[in-house]
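Structure at a glance
Next come the chains, spelled out residue by residue.
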Amino acid sequence: MKPDTIEATLPVIDATELRRCLGTFVTGVTVMTALDADGQPDGITANSFSSLSLDPPLIVWSLRLQSRSFQTFKNAQRFAVNILAQDQVSVSNRFATSGVKNFAEVPHTLGLGGVPLIEGCASYLECSLEATYPGGDHELFVARVERIQMNDKKPLAYGNGGYLGVEVLDKG
Ligand SMILES: Cc1cc2nc3c(=O)[nH]c(=O)nc-3n(C[C@H](O)[C@H](O)[C@H](O)COP(=O)(O)O)c2cc1C
């Protein structure tokens, strides 16, 4: 059988089913923060975040091309990964909703380069952008970790389309 014939028999992946399937992979929840071209703070909830490399220290996440925050992150030299704690569902929802990302109502401090760090998170990674790569309807952002901070708070998790708590089953 020729390779192109094999490909023709593959099933079409339904987008809703794909989203449901991917949703079984439980993640943490982050808010990525940066300053836009006018120096105004911007942020977006993202669970596509992942560790990439320890040496050098690199992380990766992906951003929808159609996001209103796309130009902010494409142009920003720095951004911060705010890893949300279990009591920050409202923060996640705020930064997952277009148009209500006003930092005036979100307690925060300023990190490296004036990038906002949202108060009360489980941890923070302050990063400088290394490279971006095309990824279908998203763009991949690879960044170098320049500073980290950790608080003693339970992390927020996300899976099967909803927010989850984290329960330790085995110390491993
Ligand atoms: C838990 C959660 C995780 C999300 N992860 C991502 C992500 O990794 N990348 C992304 O582009 N959008 C992600 N989104 C959607 C964006 O947060 C949302 O589309 C965006 O904030 C809408 O505003 P915008 O139109 O200004 O981008 C996620 C939403 C939620 C609730």
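What comes next concerns the included structure. Throughout this description, residue numbers start from 1 for each chain and increase along the sequence as written. The predicted origin of the model limits local features to residues at a pLDDT of at least 70 and limits the giving and counting of side-chain atom pairs to 80 or more, whereas totals for whole chains, interfaces and linings rest on all residues. Each side-chain value is worked out from all heavy atoms of the structure, with water and hydrogens disregarded.

Overview of the site of the ligand
- Throughout this document, a residue counts as near a molecule or strand when at least one of its heavy atoms sits within 4 Å of that molecule or strand. Among the 18 residues in the neighbourhood of the ligand, the closest are listed as T45, S48, R64, S67 and S98.
- Polar contacts, as used here, are pairs of N or O atoms within 3.5 Å; protein pairs need one atom able to donate a hydrogen and one able to accept it. Residues neighboring in sequence count only if both atoms are side-chain atoms. For the ligand, a nitrogen atom lies 2.9 Å from a polar atom in the backbone of S62.
- Contact between the ligand and K101: an oxygen atom at 3.0 Å from a side-chain N or O atom of the residue.
- Residue burial considers only the protein chains on display, and all accessible areas are found by Shrake-Rupley using a 1.4 Å probe. Here the ligand loses 84% of its free accessible area of 630 Å² to cover by the protein chains.
- Any residue with an atom within 4 Å of a point lines the site, the site being either a cavity, points on a 1 Å grid over the protein atoms alone where a 1.4 Å probe fits but cannot get out, or a pocket, an open set with protein on both sides within 12 Å along at least 5 of 7 lines. Whether a molecule lies in a cavity or pocket depends on its atoms, and more than half of them have to be within 2 Å of the grid points. The pocket occupied by the ligand, as judged from atoms lying within 2 Å of grid points, is the largest pocket.
- For the shell around the ligand, the secondary structure elements donating two or more residues are strand 3 (41-46) and strand 5 (58-64).
- Only Asp, Glu, Lys and Arg are considered charged, only Ala, Val, Leu, Ile, Met, Phe, Trp, Tyr, Cys and Pro nonpolar, and every remaining residue, Gly among them, polar. By residue class, the composition of the shell around the ligand is 7 nonpolar, 8 polar and 3 charged. Numbering of helices and strands starts at the N terminus; helices are DSSP runs of H or I of at least 4 residues and strands are runs of E of at least 2.

Description of a nonpolar patch on the surface
- Grouping into patches uses exposed residues only, defined as over 30% relative accessible area, and leaves out salt-bridged ones; the cut-off is 9 Å for like charges and 5 Å for nonpolar side chains (Val, Leu, Ile, Met, Phe, Trp, Tyr). Within this document, salt bridges are pairs made up of a side-chain nitrogen of Lys or Arg and a carboxyl oxygen of Asp or Glu, the two lying within 4 Å of each other. There is a patch of nonpolar side chains on the surface, built from I13, L18 and L22 and spanning about 310 Å² of accessible area.
- Residue placement: L18 occurs in helix 2 (residues 15-22).

Observations regarding the side chain of T45
- Locating T45 in the fold gives a position in strand 3.
- One polar contact links the side chain of T45 to the main-chain amide nitrogen of A96, over a distance of 3.2 Å.
- Residues contacting T45, with those up to four places away along its chain left out, are V29, T30, V31, V91, S92, F95 and A96. By definition in these notes, contact holds between two residues if any of their heavy atoms fall within 4.5 Å.

Some thoughts on the packing of aromatic side chains
- Side-chain rings of Phe, Tyr and Trp (the six-membered ring for Trp) are treated as a pair once their centres are within 6.5 Å; stacked means planes under 30 degrees apart, edge-to-face means over 60, and tilted covers the remaining angles. Applying the stated criterion across every chain yields a total of 7 aromatic pairs.
- Consider the rings of W61 and F73, whose centres lie 5.2 Å apart with planes at 80°: the pair is edge-to-face. Of this pair, W61 sits in strand 5 while F73 sits in helix 3 (residues 70-75), and the two are 12 residues apart along the sequence.
- Taking relative accessible area as the criterion, F73 reaches 1% and is therefore assigned buried.
- Between the aromatic rings of W61 and F141, the centroid separation amounts to 5.3 Å while the plane-to-plane angle is 25°, which identifies the pairing as stacked. Taken together, the residues span a long stretch of sequence, with W61 in strand 5 and F141 in strand 10 (residues 138-150) at a distance of 80 residues.
- To sort residues, take the accessible area from a 1.4 Å probe on protein chains only and compare it with the maximum for the residue type: under 20% means buried, over 50% means exposed, and anything in between is partly exposed. Since its relative accessible area comes to 0%, F141 is described here as buried.
- Grouped by ring-pair contacts, the aromatic residues W61, F70, F73, F79 and F141 constitute a single cluster.

Structural measurements only, silent on function.
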